[in-house]
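Listed below, chain by chain, are the residues.
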Amino acid sequence: MGFRDRLWKYRGHRILPHMKNGVRNAILMVFIPIFLLGMYVNFRNTFPIIDWLEIHQYQVFTQLSEWNWLLIARGTGVSILIGLVAVVIAYLLFHEKYKSIWHRQKITRMFFSNRFVEEQRVQTESQWSEKQVSKNKITYFPRAYYKKKKGHIYIRIAMDMSRFQDRYLNLGKDLESGLFCDLVDREVEENFVVFKLLYDASKKRIPIQEVIVQNGSMKLMDGVYWSFDKLPHMLIAGGTGGGKTYFILTIIQAVLKSDAEIKILDPKNADLADLEAVLPKGTVFSKSTGILMTLRKSVEGMMKRSEDMKNMPEYRTGENYAYLGLPPVFIFFDEYVAFMDLLEHTERQQAMGYMKQLVMLGRQMGYFLVLGAQRPDAKYLADGIRDQFNFRVTLGRMSETGYGMMFGDSDKTFINKSVKGRGYADSGTSTIMEFYSPFVPKGYDFMKEIEQASVGEVGASAAAVASGNVATASETSVGNERSE
């Protein structure tokens, strides 16, 4: 056994055949000592049934009619109750330990049910007689380890050149559904295949106050980030009541606090359109003419920024807008599919042309699209447009067809739960995981908070201009767009 293998064994738990009944054994290990202790306490003084020093004398059992059976039943019942209470207390105190044993038991049983175990029939002597009896002896059991760390479960299975090796590589779905976790990564390293699963995703949910934008990345859950500088554009899908609008409002608030520029397009004139009352003029549009104009001017502004960036003295090939100190521009477009359905053919082609340019070229210049739809119909996200939305989120209940539109072909087992703000996400790793949008407390006033964030943005921009730090042609262009 190599050093790395010994290190893993030290940090993790070896999965062994006897773990097939691990939960039962763990319960008995707690129950039996407490039960026996209870029996001893109950009967040591009040009811000396047997002279334990003379237990070998069989005549003691001939006096059964003289025993106090009511007292025996009462004492035994109390001892059983105490043992069961001890089991419940141990479960509550060591819940995570119990879950670890339970997981290893399920994995062990999976190995047996999938016939990853080799057994041989052997002859042994009986413990009760001199006769020979036959029993099964395990000659091969997969070398596997279990480890839980920082909300993730790691299952490590040895690639030992056995006849089961190819099947080990495809256990991700079984582990995911059996342990009720989300497979987030599978890595093949020297001698082992390692499955990384997200455990109890609901505990990684964060409050809205913790949603921050920093260094081109936005925190959405503990350990889950939208790294828009590297993986631009977000696609959000969800039906009524799933939490899609609150999630978009959360992102709007977060990017405003980071001094980003925003444009909001709400063709249904619904919740996002209400932000027109608290945001600067020229930020929110709900009519088709204004939406098409915004898309066109966004493309023009993006191309103008590209030219300005190349003329800046700090410009370096391969660097992006952030390297030059330019603010990102976020375009929030809700009910995109519904909007496209309302357009005439010519206008629809224009809109799709603008969208394609923004998603294909926006990352380098800092232009990012956040698209919302009830169902991301492929006919309006064709020509590779959908592939450019690296972060994809579904919220609420969706059909299998809807999941297919969002994530493409996948062997993921999707489960709908009645939890608002809960769904699935692909953060750009091509691995679909359970997702919980940031928690918004009851009575939270988005209008007030977004207005304050917007005022902060305007104040910060004014201070930057006064200090002479932000005076580029690109920002002048964006300012002109706002005034129009």
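Caption draft 1: Structural detail: the side chain of K244. Turning to its location among the elements, K244 is positioned in helix α7 (residues 244-257). Residue contacts for K244: discarding those within four places in its chain leaves I236, A237, G238, D334, E335, A373 and L395.

Caption draft 2: Representation of the side chain of D182 in the model. Mapped onto the elements, D182 comes out in strand β6 (residues 182-189). Look past the residues within four positions of D182 in its chain and what remains in contact with it is E176, K196, L197, L198, K412, Y424, I432, M433 and E434.

Caption draft 3: Highlighting the sheet that holds strand β9 (residues 217-221). Within the open sheet, the 3 strands sit side by side as β8-β9-β10. Their pairing is antiparallel. Lying at the two open borders of the sheet, with one neighbouring strand each, are β8 (213-214) and β10 (224-226). Sitting on the sheet, α7 touches β8 and β9, and the angle it makes with β9 is about 140 degrees.

Caption draft 4: Geometry of the packing of helix α2 (residues 22-43) against helix α3 (residues 69-93). The contact between α2 and α3 brings their axes to 8 Å, and the two run at 145 degrees. Considering the relative orientation of α2 and α3, their crossing is right-handed. Looking at side-chain class alone, the contact of α2 with α3 contains 16 nonpolar, 6 polar and no charged residues.

Caption draft 5: Quick peek at a nonpolar patch on the surface. On the surface, a cluster of nonpolar side chains totalling about 510 Å² of accessible area is made up of L81, V85, I89, L93 and F94. Inspection of the secondary structure puts V85 in helix α3.

Caption draft 6: Examining the layout of surface pockets more closely. Approximately 460 Å³ is the volume attributed to the second largest pocket. For the lining of the second largest pocket, the elements supplying multiple residues, two or more each, are α6 (172-178), β6 and α11 (400-407). Broken down by element, the lining of the second largest pocket gets its largest block of residues, 4 residues, from β6.

Caption draft 7: How the structure looks around the sheet that holds strand β7 (residues 192-198). Spatial ordering of the open sheet is given by β1-β4-β5-β7-β6, a layout of 5 strands whose pairing is antiparallel. Two strands close off the open sheet at either side, each with one partner strand: β1 (13-15) and β6. Across this sheet, the average inter-strand angle for adjacent strands is 25 degrees, counted without regard to direction. Relative to strand β4 (residues 144-149), helix α4 (residues 95-113) is tilted by about 150 degrees, and along the sheet it contacts β1, β4 and β5 (152-158).

Caption draft 8: Broad picture of the packing of aromatic side chains. Inspection of every chain in the model, using the stated rule, returns 27 aromatic pairs. Here the aromatic rings of F112 and F141 are separated by 5.9 Å at their centres, their planes lie at 50 degrees, and the arrangement is tilted. With F112 in helix α4 and F141 in the loop between β3 (132-140) and β4, the pair connects residues that are 29 residues apart, well separated along the chain. Their ring planes at 70 degrees and their centres at 5.7 Å tell us that F247 and F435 sit as a pair that is edge-to-face. Within this pair, whereas F247 is found in helix α7, its partner F435 is found in strand β18 (residues 433-436), the two being separated by 188 residues in sequence. F435 carries the same exposure label as F247, and that label is buried. One aromatic cluster in this structure is built from F111, F112, F116, Y140, F141, F164 and Y168. Just above the ring of F112 sits the side chain of K20; from NZ or CZ to the centre is 4.4 Å. It is R156 that lies over the ring of F192; its NZ or CZ is 3.6 Å from the centre.

Caption draft 9: How the structure looks around the pairing of β18. By the bridge criterion, 4 bridges tie strand β17 (residues 422-426) to β18 in an arrangement that is antiparallel. Directly across from R422, in β18, lies its bridge partner Y436. In textbook terms, the turn of a hairpin is the stretch between consecutive antiparallel strands, and for β17 and β18 this stretch comprises 6 residues, one of which, G428, has a positive phi near 105 degrees.

Caption draft 10: Structural context of the nonpolar core. Core analysis: the biggest nonpolar cluster contains 90 residues, and I252, L275, F330, F332 and Y336 have the highest contact counts within it. With sequence-adjacent residues up to four places away left out, I252 is seen in contact with I262, I264, L272, L275, F332 and I450. By size, the runner-up hydrophobic cluster in this structure holds 25 residues, among which are Y140, A144, I153 and C181.

Caption draft 11: The arrangement of the environment of D174 in detail. The residue D174 is located in helix α6 in this model. Measuring from C-alpha to C-alpha, the distance between D174 and I107 comes to 9.4 Å, with 67 residues separating the pair along the chain.

Caption draft 12: How the structure looks around α2. Look at α2: 32 Å from first C-alpha to last across 22 residues, which is about the 32 Å you get at 1.5 Å a residue. By the burial criterion, the buried members of α2 are G22, V23, F31, F35, G38 and F43.

Caption draft 13: Geometry of the environment of T431. Relative to the elements of secondary structure, T431 occurs in the loop between β17 and β18. Linking T431 and K412, residues 19 residues apart in sequence, is a C-alpha distance of 9.2 Å. Those residues within four positions of T431 in sequence are excluded, and the remaining contacts are L183, V184, D185, A425 and D426.

Caption draft 14: The arrangement of the pairing of β17 in detail. Burial analysis of β17 places 5 of its 5 residues in the buried class, which makes it a mostly covered element. Going residue by residue along β17, you find R422, Y424 and D426 tucked away on one face and G423 and A425 tucked away on the opposite face as well. As defined by bridge partners, strand β16 (residues 391-395) adjoins β17 across 4 bridges and the pair is classed as antiparallel. When the bridges of β17 are listed, R392 appears paired with D426.

The rules behind these values
Residues numbered from 1 in each chain as written. Predicted model: local features only at pLDDT ≥ 70, side-chain atom pairs only at ≥ 80, totals over all residues. Heavy atoms only, no water. Helix = DSSP H or I, 4+ residues; strand = E, 2+ residues; numbered from the N terminus. Contact = heavy atoms within 4.5 Å. Pairing = 2+ DSSP bridges. Axes fitted to C-alpha atoms, helices over the stretch in contact; angles between N-to-C directions. Left-handed = near helix turned anticlockwise from the far one by under 90°. Nonpolar A, V, L, I, M, F, W, Y, C, P; charged D, E, K, R; others polar. Patch = residues over 30% accessible without salt bridge, like charges linked within 9 Å, V, L, I, M, F, W, Y side chains within 5 Å. Areas by Shrake-Rupley, 256 points an atom, 1.4 Å probe, with all protein chains shown as cover. Salt bridge = Lys/Arg side-chain N within 4 Å of Asp/Glu carboxyl O. 1 Å grid on protein atoms, 1.4 Å probe; cavity = no way out; pocket = protein on both sides within 12 Å on 5 of 7 lines; lining within 4 Å. Points joined across faces, edges and corners; volume = space filled by probe spheres on them. Phe/Tyr/Trp six-rings, centres within 6.5 Å; stacked < 30°, edge-to-face > 60°. Buried < 20%, exposed > 50% of the residue type's maximum accessible area, 1.4 Å probe, protein only. Lys NZ or Arg CZ within 6 Å of the ring centre and 35° of its normal. Core = buried A, V, L, I, M, F, W, Y, C linked by side-chain atoms within 4.5 Å. Expected span 1.5 Å × (residues − 1).

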